[in-house]
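Structural characterization, general
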Amino acid sequence: MGERSFSTAAIRDGYDSSKHFYSVNPPIYQTAGFDLEDIDRTRRLWTGAEGGGIYSRVGNPTAAVLEERFASLEGGKAAVALSSGMAAISYTLLLLGEGGGNIVAASSLYGAAQLALASFYRKFGIETRFVQERNDPAAYEKLIDDDTKVVYLESISNPNIELYDIDAIANAAHRHGVPVVVDNTVATPYLYKPFEHGADITVYSATKEINGHGNTIAGLVVEKGDFPYEEKRFPYLYEKTWKLRDLKDHPRSPVEFIPGAPVIAGLKLYYTEFLGGALGSFESFLTLQGLSTLPVRLDKKIQTTRRLVEYLEKRKGVQWVRYPLAEGSAYSRLASRDFPKGPGALFSLGFDGTREQLGEFIRSLHNFSYHVNIGDVRTLITNCAENTHTELPEDLQSLADIPQNLLRVSVGLEDVQDLIEDLDQAFTKVLGG
Ligand SMILES: *Cc1c(COP(=O)(O)O)cnc(C)c1O
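Residues numbered from 1 in each chain as written. Predicted model: local features only at pLDDT ≥ 70, side-chain atom pairs only at ≥ 80, totals over all residues. Heavy atoms only, no water.

**Looking at unusual backbone geometry**
In the segment running from Asn158 into Pro159, the intervening peptide bond is cis, with an omega of 10 degrees. Mapped onto the fold, Pro159 is located in the loop between strand E4 (148-154) and helix H7 (166-175). One non-glycine residue with positive phi stands out, namely Ile161, at about 55 degrees. Tracing the backbone through its elements, the reader meets Ile161 in the loop between E4 and H7. (Helix = DSSP H or I, 4+ residues; strand = E, 2+ residues; numbered from the N terminus.)

Next up, the structure:
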């Protein structure tokens, strides 16, 4: 049998009901610990010679189904489920940056990620070099040096919906022995598979489109499994320790513990063990449930997004629309090359009015929810400069290109005509016909 297509794999991969009392749904293993049976089995479990639960801080069977399904969907070697998208991003970058160094990053990112890169990781000796000319692959290469640990970017940037030539950027990074980490939250692997474009690790907020119902905070990290980490740049991946010993008591390193996926090994064996943050079983269950309908949800949302963009492009009161399929977008070429199913269900617009009018416009909407999440069944709207990116100092806000009048829309599953009529009445009420 050939490889399953995405829609089938999103429902079936990584789960064998015969190992779970024939339960059709992956059961919610709501337990802290697991019986170890006897002292020989416990030894096999602790050395990784046998898979199975020990304690839910370091692994849970419901989360394991999600991890296996996601690794399979992405074409990766291994995955880890964490308690949030920010845990996925920060743990991955702190691990790769262990001992200090620099990260070369695109300069328009999810607000919390951009602020963590700009200031928080500095406390751990990791400095970020933001690429000003973020559309130019050569600009990334210019900032890479012997201390660069990661090139970091988003496949569809939030909230400006910028697309980058990740194939070219990854080629440049790989010439210097540097792995590429891509936040694929907005695209999801249904629309874009970063590993097919040169990325080495993907990070996700599964809170968003993957879960899709706005009811869970969750994160995922997936490792492709063929990046040749050099010992000189990443010495800690080669450090043998007693903690990772095998059945014969030989100390091992992360590269030996999960061959091909030392980052996932490090995240599971050090970060979730010492810092916590593994995804709980109930959150894993909800994420699996959401994932199973991802393709139908995104297909419908992309149709709706196209209609809303077409409407807004012509609407008085709208200065501009940022979406790769909008007229005159600088990203239309990359959208047609890399996103045949469409470049996601998120867009932003420039509101042509005062701050007071913008507030009145948001208050006048009935079919849009005003809050900071994205990827919900509901259509959501937010003014990023005062919400998702409000913690960024002015220079970072302008580097990331988040003007005060930017309204980000995350398209939901409502009827498109209801959404258009709602926008229309709100524009008319606040700005006139
Ligand atoms: C929301 C989001 C995150 C952070 O995820 P949480 O689950 O909220 O921690 C990271 N990246 C992007 C692109 C996001 O939209």
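And the narrative resumes.
**What about the sheet that holds strand E7 (residues 219-223)?**
One open sheet accounts for 7 strands, arranged E1-E7-E6-E5-E4-E2-E3; its pairing is mixed. Looking at which strands have only one partner, the edges of the open sheet turn out to be strand E1 (78-82) and strand E3 (126-131). Averaged over all neighbouring strand pairs, the angle between strand axes comes to 20 degrees, with direction disregarded. Alignment of E4 against strand E5 (residues 180-183), held across 4 bridges, turns out to be parallel. Considered in E5, the bridge of Tyr152 is made with Val181. Against the sheet, helix H5 (residues 111-120) contacts strand E2 (101-106), E3 and E4, and its axis sits at roughly 120 degrees relative to E3. (Pairing = 2+ DSSP bridges. Axes fitted to C-alpha atoms, helices over the stretch in contact; angles between N-to-C directions. Contact = heavy atoms within 4.5 Å.)

**Points about the pattern of salt bridges**
Inspection of the entire model under this criterion finds 26 salt bridges. Residues Arg337 and Asp165 are paired through a salt bridge, measuring 2.9 Å at the closest nitrogen-oxygen approach. Taken together, the residues span a long stretch of sequence, with Arg337 in helix H13 (residues 332-338) and Asp165 in the loop between E4 and H7 at a distance of 172 residues. Overlapping salt bridges bring together Glu37, Arg41, Arg44 and Glu50 as one network. (Salt bridge = Lys/Arg side-chain N within 4 Å of Asp/Glu carboxyl O.)

**Topic: the environment of Asp146**
Position of Asp146 relative to the elements: it lies in the loop between helix H6 (137-143) and E4. Taking the C-alpha atoms as reference, Asp146 lies 8.7 Å from Gly101; in sequence the two are 45 residues apart.

**Here we look at the nonpolar core**
Counting residues in each nonpolar core, the largest one holds 124 residues, and the members touching the most others are Leu96, Val151, Tyr152, Leu153, Phe347 and Phe361. The dominant element in this core, judged by the number of residues it contributes, is helix H4 (residues 85-96), at 8 residues. Both domain 1 (6-290) and domain 2 (294-431) contribute no fewer than three residues apiece to this core. Every residue in contact with Leu153, bar those within four places of it in the chain, is listed here: Ala106, Leu109, Tyr140, Tyr164, Ile166, Ile169, Val180, Val181, Val182 and Asp183. One finds Cys384, Ala385, Ala400 and Leu406 within the second-largest nonpolar core, a separate group that totals 5 residues. (Core = buried A, V, L, I, M, F, W, Y, C linked by side-chain atoms within 4.5 Å. Buried < 20%, exposed > 50% of the residue type's maximum accessible area, 1.4 Å probe, protein only. Domains from an automatic or database assignment.)

**Some thoughts on helix H10 (residues 262-275)**
Along H10, the helix axis deviates most sharply at Lys268, where the bend reaches about 30 degrees. Listing the buried residues of H10 in full gives Pro262, Val263, Ile264, Ala265, Gly266, Leu267, Leu269, Tyr271 and Thr272. Count one or two residues on from H10 and you reach Gly276, which has phi positive near 80 degrees. (Bend = angle between axes of the 7 residues up to and from the residue.)

**Digging into the site of the ligand**
Contacts to the ligand come from 14 residues, most closely from Met86, Asp183, Ser205, Thr207 and Lys208. Met86 places a main-chain nitrogen or oxygen 2.8 Å from an oxygen atom of the ligand. Contact between the ligand and Asp183: a nitrogen atom at 2.6 Å from a side-chain N or O atom of the residue. When the ligand sits alone it has 380 Å² of accessible area, and the protein chains cover 93% of it. The element that contributes the greatest number of residues to the shell around the ligand is H4, accounting for 3 residues. Taken together, the residues of the shell around the ligand sort by class into 6 nonpolar, 6 polar and 2 charged. (Near = heavy atom within 4 Å. Polar contact = N/O pair within 3.5 Å; in protein donor to acceptor, adjacent residues only side chain to side chain. Areas by Shrake-Rupley, 256 points an atom, 1.4 Å probe, with all protein chains shown as cover. Nonpolar A, V, L, I, M, F, W, Y, C, P; charged D, E, K, R; others polar.)

**A short note on the packing of helix H14 (residues 355-364) against helix H16 (residues 416-431)**
Contact geometry for H14 and H16: axes closest at 9 Å, N-to-C directions at 145 degrees. Crossing of H14 over H16 shows right-handed handedness. Contacts from Gln357, Glu360, Phe361 and Ser364 of H14 reach H16 at Asp422, Leu423, Gln425, Ala426, Phe427, Lys429, Val430 and Leu431. Counted by class, the contact of H14 with H16 contains 6 nonpolar, 3 polar and 3 charged residues. (Left-handed = near helix turned anticlockwise from the far one by under 90°.)

**What about helix H12 (residues 294-314)?**
Given 3.6 residues per turn, any residue in an α-helix points the same way as the ones three and four places further on. In this model, H12 (21 residues) spans 30 Å end to end at C-alpha, consistent with the 30 Å of a helix rising 1.5 Å per residue. Taken together, the buried positions of H12 are occupied by Leu294, Pro295, Arg297, Leu298, Lys301, Ile302, Thr304, Thr305, Leu308, Val309, Tyr311 and Leu312. Taken together, the buried residues of H12 touch helix H1 (6-12), helix H8 (188-191), helix H11 (281-291), strand E8 (318-322), strand E9 (346-351) and H16. (Expected span 1.5 Å × (residues − 1).)

**Some points on the side chain of Ser348**
Looking at the element boundaries, Ser348 is found in strand E9. Here the side chain of Ser348 touches Pro159 through a polar contact of 3.3 Å, landing on its backbone oxygen. Beyond its immediate chain neighbours, meaning those up to four positions away, Ser348 contacts Pro159, Asn160, Trp320, Val321, Arg322, Leu406, Leu407 and Arg408.

**Examining the packing of aromatic side chains**
Tallied over the entire structure, the rule returns 13 aromatic pairs. Relative to Tyr229, the ring of Phe227 has its centre 4.7 Å away and its plane inclined at 70 degrees; by these criteria the two rings are edge-to-face. Judged on exposure class, the residue Phe227 and its partner Tyr229 are both buried. Note on Tyr229 and Phe234: the rings are 5.3 Å apart at their centroids and 90 degrees apart in plane angle, and the pair reads as edge-to-face. Residue class for Phe234 comes out buried when judged on its relative accessible area of 0%. (Phe/Tyr/Trp six-rings, centres within 6.5 Å; stacked < 30°, edge-to-face > 60°.)

**Remarks on the domain arrangement of the chain**
When cut into domains, the chain gives domain 1 (6-290) and domain 2 (294-431). Just the C-alpha atoms count here: the centres of domain 1 and domain 2 sit 29 Å apart. Contact with domain 1, which involves 41 residues of that partner, is made by 42 residues of domain 2. Of the roughly 3,500 Å² buried between domain 1 and domain 2, counting both surfaces, carbon and sulfur atoms make up 62%. Our count for the domain 1 to domain 2 interface comes out at 4 salt bridges. Taken together, the connections running from domain 1 to domain 2 amount to 20 residue pairs in polar contact (both at pLDDT 80 or more). Counting only elements with at least two residues in the side of domain 1 that touches domain 2, the list comes to H1, H5 and H8. Ranked by the residues each element gives to the side of domain 1 that touches domain 2, the list is headed by H5, at 4 residues. (Buried area = accessible area lost by both parts, 1.4 Å probe.)

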